[in-house]
Amino acid sequence: MIDFINFYFLPGLVLGSIYALGAMGVSLLFGILRFAHFAHGDLMSFGAYIALSMVSIFHVSPFFAIPASILGSSLLAILIDKVCYKPFRKSQTVVLVISSLGVSLMLRSFIQLTWGVSLEVYEIGVIKDAITFGGNFRISENHLVIIIGTFSLIYLTHIFLAKTKLGKAMRAMSDDQDLALITGINTERVIQATWIVGGSLAAVAGVFLGSDTQLNPRMGWDQLLPLFAAAILGGIGRPYGAIAGAMVIGMAEEISSFPFFGTEPLLSPAYKTGVAFFIMVIMLIVRPTGLFKGRSF
Amino acid sequence: MKKKIHKLVVENIVSGYGDMDILKGVSINISQEEIVVIIGPNGAGKSTLMKSIFGLIPIKEGNIYFDEEEITNLDTQSIVKKGISYVPQVKNIFPNLTVQENLEMGAYLRKDNYLETMNDVFKLYPDLVEKRNQIAGQLSGGQQQMVAIGRALMIQPEFILLDEPTAGLSPKMYNDTFESIQKIKTLGVGVIMVEQNAKRALQISDRGCVLVSGENKLTASGQSLLMNENITNLFLGGNE
């Protein structure tokens, strides 16, 4: 039981947290702009690499570099929107999807050109003591920061969406674009705000992912499948659903290799990524609108 | 009380989608504290007229003036800022926002305190008070219509455009809606409405405008339209 919590449940929660930050952005952006943003993973990578530069220049913990990552990724997101998505606002969705695929390739190449193609880590050879609680439960400092950080950000995003004028306008626009325009809501400003929120969450997810494993130019792209699986599971366009979906996917990926029967893992850890895909396919067959009735257009 | 009585003047506008003109020269005018009802058969261009005034469909010819200022083809946000609001026939609320949030969105462009206006809306529609924190999409059709009109009132408009506000309502809700529209008029707002139940609408209107195939056939006081045999035979199902 203790092994289950220490080696499967807590890592699942960590993975779910990272997915949640990314999937919330994907879901918010889908609600406002009505297209699947395929460059979201690479926005995560970009945030992670900004932090890498900060770490190597100022020798700080990657977590202290998060503000710089947030700034970098949000500004980049706004710029990308202006150049690559805004001209296609009135076009068919597929045009925007393809455009975002192109953006993702450009971002990845940019990262490869700037930071190189090899694996990088934030801190070399530092093995921190795990924090022990209740006798046998252990959690690494990194993981604790990731989990607490994620839940704080989820709370902040919730406050933003539920209490602020701009956040409410975002939900209103996600509900009905035409009515938002008729009401006098400045829709371009709402779109910009959505990129800032989505870009910031992606940046933090990238730094968390980098600190949990290592950095490589494909790191964000590789998260795309679980991110979309989480967003679809929660009902696309519903940021709160995406959080639940992300936790389910993260947990399922980790727990799938727990030796439920005998001593062999139920599923070889090599198949972890397949789990997200499997859940997504099942969900699309059984309940295509997601757990929390997503949007249909 | 407002000092100046504002006027909205629509002069000979031609508009439509693409190459097709739906309105072929329509004129109406309205002052604050007036109700103008637009009646006419299906496809006459009633909804198109509303959307054209509100800047949602490009106007090819003709002009619209708010007092002396021309507002033809102004962007929607600027038209809302001028003090004109619009309630579409369908999809006129934010279904996943609460009643109160819907009203707050109506005041989006206001920089001042809008709580008093919100209280006025709740006075107009007391049913909404206890539902204020409920998700608007879960309300009954009639209550959703109240939210829709309430949202449009939040900007404190000089003019409000209502597109078939009673469509699909129960008889009781239907009466309540007509009553509330009369109250809106006394608040100093000019109401332009499209209504399928022309008879009832003309009774509360100051003027009626008959639209046929994108042209004004007749504009006259509500009473005289009700007395006009041609009109009653054509659109009002005859005199019983």
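J.: For this particular structure, what's the right way to read the overall build of chain B?
T.: For chain B, the helix and strand inventory stands at nine helices and 10 strands. The C-alpha radius of gyration of chain B comes to 17 Å, within 12% of the 18 Å expected for a compact globule of 240 residues. The principal-axis extents of the C-alpha atoms in chain B amount to approximately 45 × 45 × 40 Å. For chain B, the share of sequence-separated contacts (at least 6 apart) that also reach a separation of at least 24 residues comes to 68%. Accessible surface computed for chain B: about 10700 Å², of which carbon and sulfur atoms make up 48%.

J.: Honestly, the pattern of salt bridges in this entry has me stumped. Any pointers?
T.: A pair can form between side chains of opposite charge whenever their charged atoms are brought close. Residue and element names in this part refer to chain A. The full count for this structure, using the stated rule, is 14 salt bridges over all chains. When the shortest N-O distance is used, the salt bridge between Arg 108 and Asp 42 registers 3.3 Å. Of this pair, Arg 108 sits in helix 4 (residues 93–115) while Asp 42 is found in helix 2 (residues 40–58), placing the two residues 66 residues apart along the sequence. Like Arg 108, the residue Asp 42 is buried in the burial classification. Between Arg 89 and Glu 188 there is a salt bridge, with its nearest N and O atoms 3.0 Å apart. In this pair, Arg 89 sits in the loop between helix 3 (66–85) and helix 4 while Glu 188 sits in helix 8 (residues 187–212), placing the two residues 99 residues apart along the sequence. The class of Glu 188 is partly exposed, set by a relative accessible area of 32%.

J.: What exactly am I supposed to notice about the sheet that holds strand 8 (residues 190–194) of chain B here?
T.: Residue and element names in this part refer to chain B. Pairing in this open sheet of six strands is mixed, and the strands run 6-7-8-3-9-10 from one edge to the other. A strand with exactly one partner marks an edge of an open sheet, and here the two such strands are strand 6 (84–87) and strand 10 (215–221). When the angles between neighbouring strand axes are averaged without regard to direction, this sheet yields 15°. Bridge analysis of strand 9 (residues 207–212) against strand 10 gives six bridges, and the strand direction is antiparallel.

J.: Explain the nonpolar core to me, please; I cannot follow it from the model alone.
T.: Generally speaking, a soluble globular protein has its nonpolar side chains buried in company with each other. Residues Tyr 85 and Ile 185 of chain A together with Leu 8, Leu 49, Ile 53, Ile 84 and Ile 192 of chain B are the most contacted members of the largest nonpolar core, which totals 131 residues. A per-element tally of this core places helix 1 (residues 2–33) of chain A first, with 19 residues. Once you skip the residues sitting within four places of it in the chain, Leu 49 of chain B turns out to touch Ile 13, Leu 23, Val 26, Ile 28, Ile 38 and Leu 211 of chain B. Core analysis: the second largest hydrophobic core is formed by 41 residues, Ile 35, Ile 39, Val 191 and Val 210 of chain B among them.

J.: Please explain the interface of chain A and chain B as it appears in this structure.
T.: Many structure descriptions define interface size as the accessible area lost when the parts assemble. Counting from both sides, the interface comprises 19 residues of chain A and, opposite them, 22 residues of chain B. Across the chain A/chain B interface, buried area totals approximately 1800 Å², and carbon plus sulfur atoms make up 58% of it. Broken down residue by residue, the surface that chain A buries against chain B is led by Leu 179, Ile 182 and Thr 183 of chain A, which jointly contribute 32%. Connecting chain A to chain B are two salt bridges. Ionic pairing is found between Lys 168 of chain A and Glu 104 of chain B, a salt bridge with its closest N-O pair at 2.4 Å. Across the chain A-chain B interface, the total number found is six residue pairs in polar contact (both at pLDDT 80 or more). At the level of secondary structure, the elements contributing two or more residues to the side of chain A that touches chain B comprise helix 6 (165–175) and helix 7 (177–183) of chain A. Its residues placed into classes, the side of chain A that touches chain B shows nine nonpolar, three polar and seven charged.

What counts and what doesn't
- Numbers given for residues are sequential positions, taken from 1 along each chain in its written order.
- For this description, chains carry letters from A and ligands carry numbers from 1, given in the order in which they are written.
- Only residues with pLDDT of at least 70 get local features here, since the model is predicted, and only at 80 or more are side-chain atom pairs given and counted; chain-wide, interface and lining totals rely on the full set of residues.
- Hydrogen atoms and water are omitted, and side-chain values are computed over all heavy atoms in the structure.
- Numbering goes from the N terminus for both helices and strands, where a helix is a DSSP run of H or I of at least four residues and a strand is a run of E of at least two.
- C-alpha atoms define the radius of gyration, and 2.2 Å times the number of residues to the power 0.38 defines the globule rule.
- Contacts are assigned to residue pairs that have any heavy atoms within 4.5 Å of one another.
- Where accessible areas are quoted, they stem from the Shrake-Rupley method and a 1.4 Å probe; at the residue level, only the protein chains shown are allowed to cover.
- One side-chain nitrogen of Lys or Arg within 4 Å of one carboxyl oxygen of Asp or Glu is enough to make a salt bridge.
- To sort residues, take the accessible area from a 1.4 Å probe on protein chains only and compare it with the maximum for the residue type: under 20% means buried, over 50% means exposed, and anything in between is partly exposed.
- Note on pairing: two strands pair once DSSP finds at least 2 bridges between them.
- Where helices are involved, their axes are fitted lines through C-alpha atoms of the stretch in contact, as for all axes, and angles between N-to-C directions lie from 0 to 180°.
- Take the buried residues of types Ala, Val, Leu, Ile, Met, Phe, Trp, Tyr and Cys, join any two whose side-chain atoms come within 4.5 Å, and each joined set is a nonpolar core.
- Two parts placed together each lose some accessible area under a 1.4 Å probe, and the buried area is that loss summed for both.
- Polar contacts here mean pairs of N or O atoms no more than 3.5 Å apart (in protein, one a potential hydrogen donor and the other a potential acceptor; neighbouring residues in sequence count only if both atoms are side-chain atoms).
- In the scheme used here, Gly and all other residues not listed as nonpolar or charged are polar, with Ala, Val, Leu, Ile, Met, Phe, Trp, Tyr, Cys and Pro taken as nonpolar and Asp, Glu, Lys and Arg as charged.

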